[in-house]
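In case you want the letters, here they are:
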Amino acid sequence: MEQEKQLIGPIGIFDSGYGGLSVFKEIKKQLPQYDYIYLGDNARVPYGTRSFEAVYEFTKECVFKLFDLGCNLVILACNTASAKALRSIQQHDLPPGKKVLGVIRPTTEIVKAFTTSNKVGILATTGTVKSESYKIEINKFNPEIEVFQHDCPFWVPLVENNEMDTEGAKYFVEKDIHKLLEQSQDIDTIILACTHYPLLLPIIKQFVPEHINIISQGPLVAESLKTYLDRHPEIDSKSSKNGSMQFFTTDDPRDFESKAEIFFGQKIKADHIKVS
Ligand code: DGL
């Protein structure tokens, strides 16, 4: 009984920075009963322009820090980490009884429900685009869907620096959306395949024609986690349920608190954590 008690822990949510808060917000809404620890690697953001090896090492360090803090299940609320590190961690690094899930599969599984033209656009970091993970995953289930991609390397820095409502943000968002949409006139669905991008949604909507669906991942990932926990009672029973939240950042916690309030929609308290 004592031993069982020790195994129970919070669910870990990881992102390179603030973007994962857009996913966490939805998870908390749909699954408020669980305990959560959010870890943002703000000191090393962005991941999107880094090599496979760097993203893998950084992600692994953060995931293991969350395991050390008692998490049995960690969600990579980061597409770049999901694209470049998830599979290697799952195949080579997981200690017994620990699980890691990403955000790409829950998104690609449902994309068919949104498109009628079978032409889907992906906006993501350079790392995610280069990995081709979206193309591969979408075509695994739906080979008839044609996937068009464009990377937006300036969007994450805009969000991390709270420059979402500026002329600079408008300039880059307009330019990048144009670059995606010029690849095909028939794109009817755009996936915001970076968890930072929903924070730019008010500007994105200004430049995307109304008939095009814009998909943010938060609600999809939350729904998928709910289903996963229902289907895996052995993981669910190891997830503590007191409705608590803890936030850690590898950078300045005061800075994290002020920005997280904007992104998460409520005041939070954060602590600094060292992961390497
Ligand atoms: N938010 C992350 C994603 O979903 C990555 C941002 C970055 O660090 O470049 O891809």
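This report concerns the structure included in the present document. If you're wondering where the values come from, they're calculated on a predicted model, not measured in any experiment.

**A look at the packing of helix α2 (residues 20–30) against helix α12 (residues 218–231)**
Running from amino to carboxyl end, α2 crosses α12 at an angle of 45 degrees, the nearest separation of the two axes being 8 Å. In terms of orientation, α2 lies oblique with respect to α12. Like other packed secondary-structure pairs, α2 and α12 cross with a definite hand, here right-handed. Note on element contacts: α12 touches α2 through Gly218, Pro219, Val221, Ala222, Glu223, Leu225 and Lys226, opposite Ser22, Val23, Glu26, Ile27 and Gln30. When the residues that make up the contact of α2 with α12 are grouped by side-chain class, the tally is 6 nonpolar, 3 polar and 3 charged.

**Digging into the pattern of salt bridges**
Following the criterion strictly, the structure yields 14 salt bridges and no others. Note that lysine 29 and glutamate 26 form a salt bridge whose closest N and O atoms lie 3.5 Å from each other. Linking lysine 29 with glutamate 26, this pair stays in helix α2, spanning 3 residues, or about one helical turn. Look at lysine 29 and you get exposed, because its relative accessible area is 58%. One continuous salt-bridge network, built from bridges that share partners, spans Asp41, Arg44 and Glu61.

**Overview of the site of the ligand**
The immediate surroundings of the ligand are formed by 14 residues, with Ser16, Tyr47, Asn79, Thr80 and His196 found nearest. Tyrosine 47 places a polar main-chain atom, nitrogen or oxygen, 2.6 Å from an oxygen atom of the ligand. A distance of 2.8 Å separates an oxygen atom of the ligand from a polar atom in the backbone of asparagine 79. Taken by itself the ligand offers 300 Å² of open surface, and the protein chains cover 99% of this.

**Points about the nonpolar core**
When a protein is soluble and globular, its nonpolar side chains tend to lie buried together. Counting residues in hydrophobic clusters, the biggest one holds 54 residues, and the most contacted among them are Leu21, Ile27 and Trp155. For this core, the leading source of residues is helix α10 (residues 167–181), giving 6 residues. Aside from chain neighbours lying at most four places away, what touches isoleucine 27 is Ile13, Pro32, Tyr36, Val221, Ala222 and Leu225. Formed by 23 residues, the second largest nonpolar core is a distinct cluster that contains Val55, Leu76, Ala85 and Ile273.

**Overview of the sheet that holds strand β6 (residues 146–151)**
A sheet is described by the order of its strands in space; here 4 strands give the open sequence β6-β5-β7-β8, paired in parallel fashion. The strands lining the two open edges of the sheet, one partner per strand, are β6 and β8 (213–215). Shown here is a sheet whose adjacent strand axes are inclined to one another by a mean of 20 degrees, direction ignored. Pairing of strand β5 (residues 119–124) with strand β7 (residues 189–192) involves 4 bridges; the strand directions are parallel. Pairing of valine 120 across the sheet is with threonine 189, part of β7.

**A word on the sheet that holds strand β10 (residues 270–272)**
Whether parallel or antiparallel, the strands of a sheet pair through hydrogen bonds between backbone atoms. An order of β4-β3-β1-β2-β9-β10 is seen for the 6 strands of this open sheet, with the pairing classed as parallel. The open sheet has two edge strands with one neighbour each: β4 (99–101) and β10. Strand-to-strand twist across the sheet, computed as the mean angle between neighbouring axes with direction ignored, equals 25 degrees. Relative to β4, strand β3 (residues 73–76) runs parallel, the two being bridged by 3 bridges. Note that in β4 the partner of isoleucine 75 across the bridge is leucine 101.

**Description of the packing of aromatic side chains**
The description of an aromatic ring pair rests on the distance of the ring centres and on the angle between the ring planes. Enumeration according to the criterion identifies 17 aromatic pairs in this entry. Seen in terms of ring centroids, phenylalanine 24 and phenylalanine 247 are 5.8 Å apart; in terms of plane orientation they differ by 50 degrees. Their pairing is tilted. Here phenylalanine 247 lies in strand β9 (residues 245–249) and phenylalanine 24 lies in helix α2, a separation of 223 residues in the sequence. Classification of phenylalanine 24 by relative accessible area gives buried; the value is 0%. Grouping aromatic residues by their ring pairs yields a cluster made of Tyr18, Phe24, Tyr36, Tyr38, Phe247, Phe256, Phe263 and Phe264. In this structure, arginine 44 is placed above the aromatic ring of phenylalanine 58, and the distance from its NZ or CZ to the ring centre is 3.8 Å.

Criteria and thresholds
Once a new chain begins, its residue numbering starts again from 1 and follows that chain's sequence as written. Only residues with pLDDT of 70 or above have their local features reported here, since the model is predicted, and side-chain atom pairs are shown and tallied only from 80 upward, although totals for entire chains, interfaces and linings are computed over all residues. Hydrogens and waters are ignored; side-chain quantities use all the structure's heavy atoms. Each axis is a line fitted through C-alpha atoms, taken for helices only over the stretch in contact, and angles between the N-to-C directions span 0 to 180 degrees. Numbered from the N terminus, helices here are DSSP runs of H or I no shorter than four residues, and strands are runs of E no shorter than two. Any angle that falls under 35 degrees is termed roughly parallel, while one over 145 is termed roughly antiparallel, one within 65 to 115 roughly perpendicular, and all others oblique. Each crossing is labelled by how the near helix is turned from the far one, with a counterclockwise turn of less than a right angle marking it left-handed and a clockwise turn marking it right-handed. Any two residues having at least one pair of non-hydrogen atoms within 4.5 Å are treated as being in contact. In this count, Pro and Cys sit with the nonpolar residues alongside Ala, Val, Leu, Ile, Met, Phe, Trp and Tyr, while Asp, Glu, Lys and Arg are called charged and the others, Gly among them, polar. In what follows, salt bridge is the name for a side-chain nitrogen of Lys or Arg lying within 4 Å of a carboxyl oxygen of Asp or Glu. Relative accessibility decides the category of a residue: with a 1.4 Å probe and only protein chains considered, values under 20% of the type maximum give buried, values over 50% give exposed, and everything between is partly exposed. One heavy atom within 4 Å of a molecule or strand is enough for the residue carrying it to be called near that molecule or strand. Between N or O atoms, a polar contact is any pair within 3.5 Å; within protein, one atom must be a potential hydrogen donor and the other a potential acceptor, and residues adjacent in sequence are included only when both atoms are from side chains. Surface exposure here means Shrake-Rupley accessible area, sampled with a 1.4 Å probe, where a residue is shielded only by the protein chains that are shown. The nonpolar core is taken to be a set of buried Ala, Val, Leu, Ile, Met, Phe, Trp, Tyr and Cys residues, with the residues joined through side-chain atoms within 4.5 Å. By definition, two strands form a pair when at least two bridges between them are found by DSSP. Aromatic pairs are defined between Phe, Tyr and Trp rings, using the six-membered ring for Trp, whenever the two ring centres lie within 6.5 Å; interplanar angles under 30 degrees are classed as stacked, those over 60 as edge-to-face, and all others as tilted. Only when the NZ atom of a Lys or the CZ atom of an Arg is both within 6 Å of the ring centre and within 35 degrees of the ring normal do we say a charge sits over the ring.

As far as function goes, none of this settles anything; it's purely spatial.
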